[in-house]
Amino acid sequence: MLEQNEREILDRVHAGLCIGGKWEPLTTEQTIDVQDPATGQIIKSISDATVDDAARALDAAAAAQSDWAATPSRQRSNILRRAFDLLIERKEDFALLMSMEMGKPIAEAHGEVAYGAEFLRWFSEEAVRVRGDYRANPEGTGTVVVSHIPVGPTYFITPWNFPLAMATRKIAPALAAGCTVVIKPAELTPLTTIFFAQLLAEAGLPAGVVNVVPTSNAAAQSSALLADPRLRKLSFTGSTPVGVKLMEAAAKNVLRTSMELGGNAPFIVFEDADLEQAVEGVLLAKFRNIGQACTAANRVIVHESIADEFVDRVSARVAAMSIGRGAHEGNDIGALINKAAVDSTARLVTDAVETGARVVTGGQPLDGPGHFFAPTVIDHLNPRAAMLREEIFGPVLGIIRFSTEHEAVEIANNTEYGLVSYVFTENIHRGHRMIERLETGMMGLNTGIVSNAAAPFGGVKHSGIGREGGFEGIHEFLSTKYTMIPR
């Protein structure tokens, strides 16, 4: 049963679509039922957008584009800053709502609110700092003027695992740059994005600048919008196979794209590492968000001379983790998003054992309501184990051992993905070598967390293209324009 404060928050979340600044009534003919993954209970039903609804949303975004692009950057900045202040003011509500619809522990939900809010503050500051250039050409016959203009209407597809931060990480730079938005939040976790859109309107965002169209038919909606010549930008966070299909569709309309795709992060612990620091780091990098993060440590690569002690320390901490509904204080591990996630995690654990690995702690789904999997440590992974190639997206820490630095780098780079890597060593020269040799777009050196609004988030290889965050983030939504002025 929902508690009183939970019911009150859910009652404040609109059930209809947001198109052109208006919240439409709930469409009862076709709805999306949002469940609490810890209980299986339906906590709210919302409108399920049709392709026609999405087209109306793009109509609104296109109609608002010229006025929003012409809005002074200081005014756009002030709106984003007000949104930041409101979000911090209502952090308790957003954290609880996220925990209810996604399952993450409430403490981590508070962390996501703080992280997601920083994109609003960061890009409120970047909105007034878009620079151009003015210089004479080498021939001395004219002046080169370089300016940056908004790309135009954008379409965002966000994932279920970070329902607030993935929305703010895309919406904030788009608004700062002067672009309008149509956003499709994940079918499993749309409520937080809807609640955030309500907050943006309260912060003073004009009608039609952000439009929200959740749908259970993502393929049809995306195909229709990507084929519309008014759309000029696509930003997607999700799996690599889906990202590839979206890029193929976007190519037909020559759309700008930003793709934050799958990950298979290596976490390397060298023999000279501070072991206590490495244990704390891997617990953060692996079990944050119940392991459901593209940045999660997927392959823990530990030097053979310290591996036994590392396994003992980590497994003791993991075995002591508390498990339960995320919305209740004190739980370390919440529910996975759905039954399919539990089944996938169980399959990877079974495969690891069948190929020779040993389960040190955990290793099985948990009985009862909800979608829970015991936090797990697996040692002596075989190089053929599937979890060394596939994203785990669950609370399973798998360890493979190495003997030389060259071997560790080979294991780390032996993947089609390249989002993030983690390295623990007290040797600064080795640390610099890892920066150069590891094929990832980001790296954490002696830390298990790399995400920061002021830094460019993104990967290489099959982990995507483009960057979110940092001063690089706003340029994903700007086109460079060159003007020649003859002398």
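Our structure's up above, just so we're on the same page.
Definitions and cut-offs
- Residues numbered from 1 in each chain as written.
- Predicted model: local features only at pLDDT ≥ 70, side-chain atom pairs only at ≥ 80, totals over all residues.
- Heavy atoms only, no water.
- Axes fitted to C-alpha atoms, helices over the stretch in contact; angles between N-to-C directions.
- Helix = DSSP H or I, 4+ residues; strand = E, 2+ residues; numbered from the N terminus.
- Left-handed = near helix turned anticlockwise from the far one by under 90°.
- Contact = heavy atoms within 4.5 Å.
- Nonpolar A, V, L, I, M, F, W, Y, C, P; charged D, E, K, R; others polar.
- Buried < 20%, exposed > 50% of the residue type's maximum accessible area, 1.4 Å probe, protein only.
- Arc of directions from axis to C-beta.
- Polar contact = N/O pair within 3.5 Å; in protein donor to acceptor, adjacent residues only side chain to side chain.
- Disulfide = S-S within 2.5 Å.
- Expected span 1.5 Å × (residues − 1).
- Salt bridge = Lys/Arg side-chain N within 4 Å of Asp/Glu carboxyl O.

Right, let's talk about the packing of helix H13 (residues 405-413) against helix H14 (residues 428-437) for a bit. Relative to each other, H13 and H14 sit at 30°, their axes nearing to 11 Å. The crossing of H13 and H14 is right-handed. On the side of H13, the interface is formed by Glu-405, His-406, Val-409 and Asn-413, while H14 contributes Arg-430, Arg-433, Met-434 and Arg-437. Across the contact of H13 with H14, the residue classes tally to two nonpolar, two polar and four charged.

A few words on H14. Among all positions in H14, only Arg-430, Gly-431 and Met-434 are buried. What you see down the axis of H14 is that its buried residues fit within an arc of 105°, all on one side. More than 90 degrees from the buried face of H14, the exposed residues found are Ile-428, His-429 and Glu-436. Against the buried residues of H14 lie H13, strand S18 (420-424) and strand S19 (442-445). The opening residue of H14, the one whose side-chain oxygen lies 2.9 Å from the backbone nitrogen of His-429, is Asn-427.

Attention now moves to the state of the cysteines. Within this structure, the stated rule accounts for zero disulfides. The thiol of Cys-18 is not disulfide-bonded; the next cysteine sulfur, from Cys-179, is found 18 Å away.

A word on helix H2 (residues 51-70). Taking 1.5 Å of rise per residue, 20 residues should cover 28 Å, and H2 covers 29 Å from first to last C-alpha, within 8% of that figure. Every buried residue of H2 is accounted for by Asp-53, Ala-54, Ala-57, Leu-58, Ala-60, Ala-61, Ala-64, Gln-65 and Trp-68.

Before going further, it helps to examine the pattern of salt bridges. In this structure the tally under the stated criterion is 29 salt bridges. Here Arg-401 ties to Asp-379 by a salt bridge, and the two come within 2.6 Å at their closest N and O atoms. One end of the pair, Arg-401, is in strand S16 (residues 396-402); the other, Asp-379, is in strand S15 (residues 376-379), with 22 residues separating them in the sequence. Notably, a salt bridge pairs Arg-437 with Glu-405, separated by 3.6 Å at the nearest N-O pair. Taken together, the residues Arg-437 in helix H14 and Glu-405 in helix H13 connect sequence positions 32 residues apart. Each of the salt bridges in this network shares a partner with another, and the network as a whole consists of Glu-271, Asp-272, Glu-405, Arg-430, Arg-433 and Arg-437.

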